[in-house]
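Summary of structural features
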Amino acid sequence: GHPALVMAALGALRVDHVVWAVPYSLEEGMREFERKTGITPSIGGVHQGLGTHNAIASLGNGMYWEILARDPLQLHPPRTWMGIGQVVEPKIVTWAAAVPDLSEAVAKARSRGYDPGSPTNFEREVPGGGKLYWSLAFNHYDQLPGNGIVPFLINWGETKSPASTAPTGCKLVALKAVTSDTSSVSEMLRAVDINPSDLQLREARAPRITAILETPRGLVEF
């Protein structure tokens, strides 16, 4: 597509962050990201009780890339999220859309027949001291809505998102998806105010989310 149109679609998606999960250690995931992009991500923190920890890199415009891996220190978490237990190769498992008012967005989605989950408050320690606080609406545990194409919803409240301190140098230039079930996925997307055409949603046998990043090593597809 035309660059200006692609960027407009990206803006309309209100991407907060893209979740790239790896089946191996977080350190290996960070090295792989650096190998592909030339940018060294920074350690984020631990999602206590959900079995994961992360590293991050900025994607420009307040967006960031999240590298998600199983946390070896949480051997038997109460449950895991983001489908991390099913990840057999590095891949984008899902993404987060920023919403100004979480309760309102959830109520709207439910009135349209899709339950994005109840607003839940989160916090995690930040390396070097301090805490991050944010709120999510998600039902992204083992089964991801629309195979992850349907985002979870996020609001950072008064907190600055990690995007503001994450290593810079990468820019998200496209986010798109294919699925074998475009009609039901489109319905869920519309329920959370995402226009399927802004994700360039197309029919394909296997579901997949693709991101294109502008990096010091050129354009890189994940």
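Here goes a summary of the coordinates provided. (Residues numbered from 1 in each chain as written. Predicted model: local features only at pLDDT ≥ 70, side-chain atom pairs only at ≥ 80, totals over all residues. Heavy atoms only, no water.)

**Points about the nonpolar core**
General note: in soluble globular proteins, nonpolar side chains tend to be found buried as a group. Basically, it comes down to this: We call a set of buried Ala, Val, Leu, Ile, Met, Phe, Trp, Tyr and Cys residues a nonpolar core when their side-chain atoms join them within 4.5 Å. Three exposure classes are used, based on accessible area relative to the maximum for each residue type with a 1.4 Å probe and protein chains only: buried under 20%, partly exposed in between, and exposed over 50%. Two residues form a contact once any of their heavy atoms are found within 4.5 Å.
In this structure, Val15, Phe33, Trp65, Ile67, Leu172, Leu175 and Leu213 are the most contacted members of the largest nonpolar core, which totals 47 residues. Every residue in contact with Ile67, bar those within four places of it in the chain, is listed here: Trp20, Val22, Leu26, Gly29, Met30, Phe33, Pro41, His53, Asn54 and Ala55.

**Points about helix H2 (residues 26-37)**
What sets the pattern is the α-helix's 3.6 residues per turn: residues three or four places apart point alike. As a reminder, the rule being used: Starting at the N terminus, helices and strands are each numbered in turn, a helix being any DSSP run of H or I of at least four residues and a strand any DSSP run of E of at least two. Multiplying 1.5 Å by the residue count of a helix minus one yields the expected span of that helix. This arc is taken over the directions from the axis of the helix to the C-beta atoms.
Over its twelve residues, H2 extends 16 Å from the first C-alpha to the last, a length consistent with the 16 Å expected when each residue adds 1.5 Å. Along H2, the positions that sit buried rather than exposed are Leu26, Gly29, Met30, Phe33 and Thr37. Within H2, the buried residues cover an arc of 100 degrees as seen down the axis, which keeps them to one side. In H2, the exposed positions that point more than 90 degrees away from the buried face belong to Arg31 and Arg35. Of the surrounding secondary structure, the elements contacted by the buried residues of H2 are strand S1 (15-21), strand S2 (42-47), strand S3 (52-60), strand S4 (63-70) and strand S11 (208-215). Count one or two residues on from H2 and you reach Gly38, which has phi positive near 85 degrees.

**Examining the environment of Ala211**
Relative to the assigned elements, Ala211 resides in strand S11. Judged by relative accessible area, Ala211 falls into the buried class, the value being 0%. In this structure the C-alpha to C-alpha distance between Ala211 and Phe152, which are 59 residues apart in sequence, comes to 17 Å. Ignoring anything within four residues of it in the chain, the contact list for Ala211 reads Trp65, Ile92, Leu172, Ala174, Leu175, Val220, Glu221 and Phe222.

**Notes on the sheet that holds strand S8 (residues 152-155)**
Put simply, the rule is: Note on pairing: two strands pair once DSSP finds at least 2 bridges between them. Fitted lines through C-alpha atoms serve as axes, helices being fitted only where they are in contact, and the angles separating the N-to-C directions of these axes extend from 0 to 180 degrees.
With mixed pairing, eight strands are arranged side by side in an open sheet as S2-S3-S4-S1-S5-S8-S7-S6. A single partner strand is all that each edge strand has here, and the edge strands are S2 and strand S6 (120-125). Recorded for the sheet is a direction-independent mean angle of 30 degrees between the axes of neighbouring strands. Where S1 lies against strand S5 (residues 91-98), six bridges are found, and the strand directions are antiparallel. Its bridge partner lying in S5, Val15 is registered against Ala97. Sitting on the sheet, H2 touches S1, S2, S3 and S4, and the angle it makes with S4 is about 140 degrees. Seen against the sheet, helix H3 (residues 102-111) touches strand S7 (131-137) and S8 and runs at an angle of roughly 20 degrees to S7.

**Structural notes on unusual backbone geometry**
One non-glycine residue, Asn61, adopts positive backbone phi at about 50 degrees. Looking at the secondary structure, you find Asn61 in the loop between S3 and S4. Positive phi, close to 55 degrees, is recorded for Asn147, a residue that is not glycine. Counting through the fold element by element, Asn147 comes out in the loop between S7 and S8.

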